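# Examination of the molecular architecture
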Amino acid sequence: MLERKPLVSDKIIRKERDAKVLLIDPERSSWVVVSKSMADLLCKLDGSKTVEEIIRDTNDRVQKDVSQQLISGFEKLFRLGVFKNDDDYSNYQSQTLDQVYFNLTKKCNLQCIYCYASAGMNNALKEMPLDFWNNVVMQLKQLNPRSSICLTGGEALLFDGFWRLAEKIRENGLGLSLITNGTLAKPDDAPRFKSLFHNIKISLDSLDENINAVTRGTGVLRKAMRFIDRLIAEDFKPTIMVVVTKENAHRLSEFKAVFEDRVNMIYQPMYVMGRASDDDILGLTAAQYYSALDSAKIDKMKEENTIVRNRRLVWCGMGRNVLSIEADGRIYPCHLLHNEELKLGDLNQDDISAIWSRSSFRKNSVDDIEECCTCEIRYLCGAPCRARAYFVKGSIFRKDPLCPDFIRRSHIDNMFTS
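A few points on the structure. A quick note: this is a predicted structure, and the numbers were derived from the prediction, not measured.

## Considering the pairing of strand β8 (residues 199–203)
Two elements, strand β7 (residues 175–180) and β8, share four bridges in a ladder whose sense is parallel. Counted as the bridge partner of Leu 178 is Ile 200 from β8. For the crossover from β7 across helix α6 (residues 190–196) to β8, the handedness is right-handed.

In structure tokens form, the structure reads like this:
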């Protein structure tokens, strides 16, 4: 190690906070948090000196033996991949179709005021029969036997062949998850849910009936909690998905206080799409969303699992390693982007492999987004949600409206505390 010649990129970005310095190499998706004195040293390394020579120079300059401290520091920095070397950094982006959303029905027993799918019991969209979905399962197994399917809707439990489809998916070894409002699930079916699903996401906005009723309807909380409690009793850890609005932003900490670590939590801001497009009075700005999560001491962006050292995330999953199938068989790049201009194909006319293989989104990169292509964390972030950009700014090639006040700020926070 003493003979190695550390080289720090001349494009290194330096950010200071209190006594810490965050160094970001935007091209290599590398970062490290060090002291100010160490940052001063690292930013001068041009690859011309060995570690041994650097240590000798430092000892001569400060007239103090800091050899062991520096050796330990350099060992850690090499291990973290901070220095440029002959190794190529890699793009951290799956090249396979890893997840497909099965939107089984547009019908839903609830009328949540911000539903992105505008689902309801009066929705007349044609629904494909069980045989159609079983056939898609077999196509997907052939394309990628390690892929995962998410059953959703509307309310997936309203689909007549729900249980038979779930069993077909698991029999063929594919991953299986569920998005549900939890109100139609029978408590006695909890063991069956546990045996079939790897993850069950249940929508809930508050543990206060009055607050939850504003967005999801009267009596929904009691029914959803009955299902959640029964899953927990079966030693299954469900995921609660909370849409953060002006109505519940001040009560987010209550979930952790009640459930502790017995559930997983996902928080997301209200999307201006579907029924929310008609009335956005409950929506939060990016700064307000940041403050709401910060006040409740909730990790911001970490649940996205997007930051990976020395591997570049170049795009969100839409149309690349994620697809979404509408109830009538049309395919879209994301379950939030069922818009005709973004349609990739129709399973009534083609198979999923052919549709996925010609998806133009498989070639897109964060560098295609003018407002992101020069950002120092673009390959750490990967422009996480193209749907928000599409609905708020009119294009998937615009910056996420949650950035910089939430996304960029949260990633920087996470790097400082890593």
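Okay, back to it.
## Overview of helix α4 (residues 130–143)
For α4, with 14 residues, the first-to-last C-alpha span of 20 Å sits near the 20 Å given by 1.5 Å per residue. Within α4, the full set of buried residues consists of Leu 130, Phe 132, Trp 133, Asn 134, Val 136, Val 137, Gln 139 and Leu 140. Of the surrounding secondary structure, the elements contacted by the buried residues of α4 are β5 (99–103), β6 (148–152), α5 (162–171), β12 (322–325) and α11 (352–357).

## What about the sheet that holds strand β1 (residues 13–17)?
Spatial strand order, β1-β2-β3: three strands in an open sheet with antiparallel pairing. Either end of the sheet is taken by a strand with one partner, and the two such strands are β1 and β3 (30–35). Going across the sheet, the axis of each strand differs from the next one's by a mean of 20°, ignoring polarity. Of the pairings in the sheet, the one linking strand β2 (residues 20–25) to β3 comprises six bridges and is antiparallel in character. Across the sheet, Lys 20 pairs through a bridge with Ser 35, a residue of β3.

## Describing a nonpolar patch on the surface
Taken together, the side chains of Met 121, Leu 158 and Leu 184 make up a nonpolar region of the molecular surface, amounting to roughly 230 Å² of accessible area. For Met 121, the position within the fold is in the loop between β5 and α4.

Rules used in this analysis
- Residues numbered from 1 in each chain as written.
- Predicted model: local features only at pLDDT ≥ 70, side-chain atom pairs only at ≥ 80, totals over all residues.
- Heavy atoms only, no water.
- Pairing = 2+ DSSP bridges.
- Helix = DSSP H or I, 4+ residues; strand = E, 2+ residues; numbered from the N terminus.
- Right-handed = clockwise from strand over helix to strand, strands pointing away.
- Expected span 1.5 Å × (residues − 1).
- Buried < 20%, exposed > 50% of the residue type's maximum accessible area, 1.4 Å probe, protein only.
- Contact = heavy atoms within 4.5 Å.
- Axes fitted to C-alpha atoms, helices over the stretch in contact; angles between N-to-C directions.
- Patch = residues over 30% accessible without salt bridge, like charges linked within 9 Å, V, L, I, M, F, W, Y side chains within 5 Å.
- Areas by Shrake-Rupley, 256 points an atom, 1.4 Å probe, with all protein chains shown as cover.
- Salt bridge = Lys/Arg side-chain N within 4 Å of Asp/Glu carboxyl O.

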